[in-house]
Amino acid sequence: MSDILAIAEHRQGELRDVSLELITAGVELAEETGGDLHVAVISGDVDTYAEQLNREGVDTIHTVAYGEEFNHDVYTQSVTQLVDSIGASYVLGPNSVNGLDYLPAVATRFDVPLVTDVVGLETNEETLTATREMYGGKVETTVDVEGTPAVVTIRGAEWPVAEGAGSADVEAFDAEIDEDAIGSSVNGFEEVAGGDVDISEADLLVSVGRGIDEEENLELIEELADALDATMSSSRPIVDAGWLPANRQVGQSGKVVTPDVYIAIGISGAVQHVAGMKGSDTIVAINTDPNAPIMDIADYAIHDDLFDVVPALIEQFS
Amino acid sequence: MKVLVPVKEVVTVDDAFEIDGTAIDERYLSADLNEWDDYAIEEAVQLQEDGVVDEVVTVTIGDEDTEQTIRQALAKGADRAIRVWDDALEDVDLLDVGAKVAILEAVVGAEEPDLVLTGVQSGDDSFGATGVALAEAVGTQWAAVVNQLELENGADVASVHRELEGGLEELTDIDLPAVLSIQTGINEPRYASLRGIRMAQRKELDHQTLADLGVEGDAVAGELELTSMYEPESESDTTVFEGSADDTAAQLAELLREKGVAQ
């Protein structure tokens, strides 16, 4: 009868999708353990969030009305106290930038196991088995987790969002926040990736990745974009290298795009990149590696050298 | 001010590979400096060049073979290196976050750095959690996924940008000492110069065992057990264009015209 505590995530007044995905993962786990599913929401307009989180299968929603935006010290303290109060065996949170800014601290504080970026979960009474990828998605592994409470972060968009109205009890949790222990303060937010081009508006994106090797080779992709009257975008390494501005970056930390056709050229398809383009109507991948993760979501593929295929493609349109 | 940079040697996997039990067959692996750590080293070295930091020390958990990777970090400008290895680590399949933290905690205790700069994650097992877990273990502040760092000489606060999802950055002040996990793109990691490579050969690279650090053997056994490894099933029904580059380009051109996105 192991109970589960799932921690919701919100930002700038909006509950993030992963919160409802966490509920789905939590409901599945609770069915296996026969325990209760508790959901916690910390900071901000917790009452509104609690209504949105009240989905089928949730037993209790705990609200911590302290502060507005995410602060890792407040989250760490609140979650630690909630776990103690509920006696939760499993703590589920998002494998997001903020999730990874407090859940490792929670696990360390309890000296309990932590398993991150999980894409599948099952349990019997003894052991939690988590599925996760290694080597940039080239392999999947299963990992047995001994000891409770265990802290688990789940990858976004792996579980569907929870549907169906729930009948959870909503309880205000009076967390004792030690303000002297708060050593970080959030002063604001900044939008990046502005500028002249909005890649999310394009019908045809020609997107370039690490396979391009050298900055001067980008000319080839520019030429292709011109020939096709397409917009050029890229994966993260190209922006990290300073070869293209941040407003061209597709992915989790860049833009989410949904063009009619997305041509991925020399892009391996790391999960962070795929999160930004998997909603494209048609995905074409040009890559020498037939096992690259991008091939799992490509509708059409060319397993060949981009330096041979791209010039030939330009030729087709000139 | 002293900076400690945990540096990991990661393995990269060939395009085609075979799995042997719960590991990839060694024939298909090559060793490399973890990409994220490269940015952490660069950030530390730049702080030193700006006169904010006096000493940059790296720490690596790894056997003797990792010394080549450690020398890369030294060649890029780190002052000295610590390598932790022990027979007790030979048989550990998966060094989980708790085990890594137990070792790094002891190193932080001995070195007392003002700042620890880790990479956001490692390219192989990608837990993305060591930095924050370490901060909690040693009782300092932290920030995860930092893509901009401002640190004044002698300051007790670091101003950072944290890279959130969707092109948003969080502007945060962090009390020092602190552990910051460094994101790619924060700087442009340098290539080691020939002079740097030569100097690296003479820099101190100190090997420590768990006993040297006062870490109990069972602290590194870990709470996670790797039970299987397999290639993920592909769910795709990809149409593969076959033939020469001219053939495949022609097929793709036809598709693009069919979809009405190109003339």
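In the nomenclature of an unreviewed UniProt entry, chain B is known as Electron transfer flavoprotein subunit beta/FixA family protein of Natronosalvus hydrolyticus. Per UniProt, chain B has the following entry under Sequence similarities (unreviewed entry): "Belongs to the ETF beta-subunit/FixA family."

Under an unreviewed UniProt entry, chain A has the name Electron transfer flavoprotein subunit alpha/FixB family protein and belongs to Natronosalvus hydrolyticus. What UniProt states about chain A under its Sequence similarities (unreviewed entry) heading is, verbatim, "Belongs to the ETF alpha-subunit/FixB family."

What should I look at first to understand the overall build of chain B in this one?
The helix and strand tally for chain B stands at 8 helices and 15 strands. For chain B, the spread of C-alpha atoms along the principal axes amounts to about 65 × 45 × 40 Å. For chain B, with 263 residues in total, the buried portion stands at 55%. Partitioning the intrachain contacts of chain B with sequence separation of at least 6 by distance along the chain shows that 69% fall at a separation of at least 24. Counting every atom, chain B has about 11500 Å² of accessible surface; 41% of that belongs to carbon and sulfur.

In this structure, what is going on with the nonpolar core? I would like to understand it.
Nonpolar side chains in soluble globular proteins tend to be buried together. Residues A:Ile7, A:Ile23, A:Leu37, A:Leu53, A:Leu92 and A:Leu121 are the most contacted members of the largest nonpolar core, which totals 100 residues. When residues of this core are assigned to their parent elements, the largest contribution, 8 residues, is made by helix α4 (residues 97–111) of chain B. Discounting chain neighbours no more than four positions away, the residues touching A:Leu37 are A:Ile4, A:Ala6, A:Ile23, A:Gly26, A:Val27, A:Ala30, A:Gly57, A:Val58, A:Asp59 and A:Thr60. Ranked by size, the runner-up nonpolar core spans 37 residues in total, among them A:Leu204, A:Met232, A:Val261 and A:Val284.

Quick question: what am I supposed to make of unusual backbone geometry here?
Glycine aside, negative phi is the norm for most residues, and most peptide bonds take the trans geometry. In the segment running from A:Thr148 into A:Pro149, the intervening peptide bond is cis, with an omega of -10 degrees. Note on placement: A:Pro149 falls in the loop between β9 (139–145) and β10 (150–154). Following B:Leu176, the chain continues into B:Pro177 via a peptide bond in cis, with omega recorded as -5 degrees. Tracing the backbone shows B:Pro177 in the loop between β11 (168–175) and β12 (178–182). Unlike most non-glycine residues, A:Asp213 shows phi in positive territory, near 70 degrees.

How should I be thinking about the interface of chain B and chain A in this particular structure?
How large an interface is tends to be reported as the accessible area lost when its parts come together. The partner chain A presents 84 residues to the 77 residues of chain B that form the contact. For the chain B and chain A pair, buried surface summed over both sides reaches about 6900 Å², with 55% attributable to carbon and sulfur atoms. The largest per-residue losses of area from chain B upon contact with chain A belong to B:Glu165, B:Leu168 and B:Glu223, which jointly make up 10% of the total buried on that side. Taken together, the links from chain B to chain A amount to 7 salt bridges. With its nearest N and O atoms 3.5 Å apart, the salt bridge here joins A:Arg11 to B:Glu165.

Please clarify how the packing of helix α2 (residues 67–75) of chain B against helix α6 (residues 194–202) of chain B should be interpreted in this entry.
A pair of packed helices is characterised by two quantities: the angle between their axes and the separation of those axes. Residue and element names in this part refer to chain B. Here α2 crosses α6 at 120 degrees, and the two axes come no closer than 8 Å. Comparing the axis directions of α2 and α6 gives the class oblique. Relative to α6, the crossing made by α2 is right-handed. Counting all contacts with α2, which are made through Arg71, Leu74 and Ala75, the residues of α6 involved are Gly196, Ile197, Ala200 and Gln201. Split by residue class, the contact of α2 with α6 holds 4 nonpolar, 2 polar and 1 charged.

It is not clear to me how the domain arrangement of chain A should be interpreted in this structure. Could you clarify?
All names here are of chain A. In terms of domains, chain A is made up of domain 1 (4–181) and domain 2 (199–317). For the interface between domain 1 and domain 2, the tally reads 0 salt bridges. At the surface where domain 1 touches domain 2, the tally comes to 0 residue pairs in polar contact (both at pLDDT 80 or more). In the side of domain 1 that touches domain 2, the residues fall into 1 nonpolar, 1 polar and 2 charged.

Sorry, what's going on with helix α8 (residues 306–316) of chain A here?
Note on helix geometry: an α-helix contains 3.6 residues per turn, so any two residues three or four positions apart are oriented the same way. Along α8(A), the residues classified as buried are A:Leu306, A:Val309, A:Val310, A:Ala312, A:Leu313 and A:Ile314. Where the residues of α8(A) are buried, they touch α5 (218–228), β15 (261–265), β16 (282–286) and β17 (300–302) of chain A together with α8 (245–258) of chain B. The opening residue of α8(A) is A:Asp305, an N-cap whose side-chain oxygen sits 2.9 Å from the backbone nitrogen of A:Phe307.

Can you help me understand the environment of A:Gly120 in this one?
Residue and element names in this part refer to chain A. With respect to the element layout, Gly120 can be found in strand β7 (residues 114–123). In the structure, Gly120 is positioned 34 residues away from Ile154 in sequence and 8.2 Å away in space, judged by C-alpha atoms. The contacts of Gly120, once residues within four sequence positions are left out, are Thr129, Ala130, Thr131 and Trp159.

Looking at this structure, I do not really get the pattern of salt bridges. What am I missing?
Side-chain pairs of opposite charge can arise whenever the charged atoms involved come near each other. Under the criterion given, the structure shown has 25 salt bridges over all chains. The partner of B:Lys2 in a salt bridge is B:Glu111, with the nearest N and O atoms 2.6 Å apart. Of the two residues, B:Lys2 sits in strand β1 (residues 2–6) while B:Glu111 sits in helix α4, which places them 109 residues apart along the sequence. You'll find B:Lys2 and B:Glu111 in the same group, each marked buried. Two residues, B:Arg27 and B:Asp25, come together in a salt bridge whose shortest N-O distance is 3.1 Å. With relative accessibility at 60%, the residue B:Arg27 sits in the exposed group. Residues joined by salt bridges that share partners form a network here, namely A:Glu9, A:Arg11, A:Arg16 and B:Glu165.

Calculation notes
- Residues numbered from 1 in each chain as written.
- Chains lettered and ligands numbered in written order.
- Predicted model: local features only at pLDDT ≥ 70, side-chain atom pairs only at ≥ 80, totals over all residues.
- Heavy atoms only, no water.
- UniProt positions renumbered as here; feature names shortened; annotations may be inferred.
- Helix = DSSP H or I, 4+ residues; strand = E, 2+ residues; numbered from the N terminus.
- Buried < 20%, exposed > 50% of the residue type's maximum accessible area, 1.4 Å probe, protein only.
- Contact = heavy atoms within 4.5 Å.
- Areas by Shrake-Rupley, 256 points an atom, 1.4 Å probe, with all protein chains shown as cover.
- Core = buried A, V, L, I, M, F, W, Y, C linked by side-chain atoms within 4.5 Å.
- Buried area = accessible area lost by both parts, 1.4 Å probe.
- Salt bridge = Lys/Arg side-chain N within 4 Å of Asp/Glu carboxyl O.
- Axes fitted to C-alpha atoms, helices over the stretch in contact; angles between N-to-C directions.
- Parallel < 35°, antiparallel > 145°, perpendicular 65-115°, else oblique.
- Left-handed = near helix turned anticlockwise from the far one by under 90°.
- Nonpolar A, V, L, I, M, F, W, Y, C, P; charged D, E, K, R; others polar.
- Domains from an automatic or database assignment.
- Polar contact = N/O pair within 3.5 Å; in protein donor to acceptor, adjacent residues only side chain to side chain.

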